[in-house]
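# Structural description and commentary
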Amino acid sequence: WHPAAAAWYGSLWVSGQVVYYEQSDCANAYLAATILSDQYKGDKMSAQMIAQFITLSAGLLTSEASRRRVSVELQRAKPAAPVLEVADYRERFAN
């Protein structure tokens, strides 16, 4: 795969919407990444194939707009408590 396609595909598995994916979604993601890679590697991009990629990626909820259409709102994780504990430890023992 082209690096941009591999990066897009890899980003899916660390994104919040991954909890909604089924096996068929994984297959669609693979197909979309392959289409994107082929387009990057070719001499000229095909508007029809890019449109197909956009359709597939929208179905995978990869954009804010596609998530809003289906009323999915992702929540960002809060910083982990151990980070604060390390900061407190440093402050207590720095003096």
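Model, not experiment: these values are computed from the prediction.

## Some remarks on the overall build of the protein
From N to C terminus, the protein includes 5 helices and 0 strands. Listing each helix as α and each strand as β along the protein from the N terminus yields α-α-α-α-α. For the protein, with 95 residues in total, the buried portion stands at 23%. Put simply, the protein shows about 7200 Å² of open surface, and 55% of that area lies on carbon and sulfur atoms.

## Regarding the confidence of the model for the protein
Across the protein, pLDDT averages 81, with 75% of residues at or above 70. Of all helices and strands in the protein, the one with the weakest mean pLDDT is helix α5 (residues 81-94) (60), whereas helix α2 (residues 23-41) scores best (91).

## Quick look at the side chain of Asp25
Along the chain, Asp25 falls in helix α2. Classification of Asp25 by relative accessible area gives buried; the value is 18%. Here the side chain of Asp25 touches Glu22 through a polar contact of 2.7 Å, landing on its backbone nitrogen. Discounting residues that sit within four places of it in the chain, Asp25 has contacts with Tyr20 and Leu60.

Rules used in this analysis
- Each chain has its residues counted from 1, running along the sequence as written.
- In keeping with the model being predicted, local features are shown solely for residues with a pLDDT of at least 70 and side-chain atom pairs are shown and tallied solely at 80 or more, while totals for entire chains, interfaces and linings include all residues.
- Side-chain metrics in this entry use all non-hydrogen atoms of the structure; hydrogen atoms and water are not considered.
- Segments assigned H or I by DSSP are reported as helices when at least four residues long, segments assigned E as strands when at least two residues long, and all are numbered from the N terminus.
- Relative accessibility under 20% of the residue-type maximum defines a buried residue, over 50% an exposed one, and the middle range a partly exposed one, all with a 1.4 Å probe and only protein chains included.
- Only the protein chains shown count as cover for residues, and all accessible areas are computed by the Shrake-Rupley method using a 1.4 Å probe.
- Each residue carries a pLDDT value, the predictor's own confidence for that position, ranging from 0 to 100.
- Definition of a polar contact: a pair of N or O atoms within 3.5 Å, with one able to donate and the other able to accept a hydrogen when the atoms are protein atoms, and with sequence-neighbouring residues admitted only if both atoms are side-chain atoms.
- Contact between two residues is taken to exist if any of their heavy atoms lie within 4.5 Å; hydrogens are not considered.

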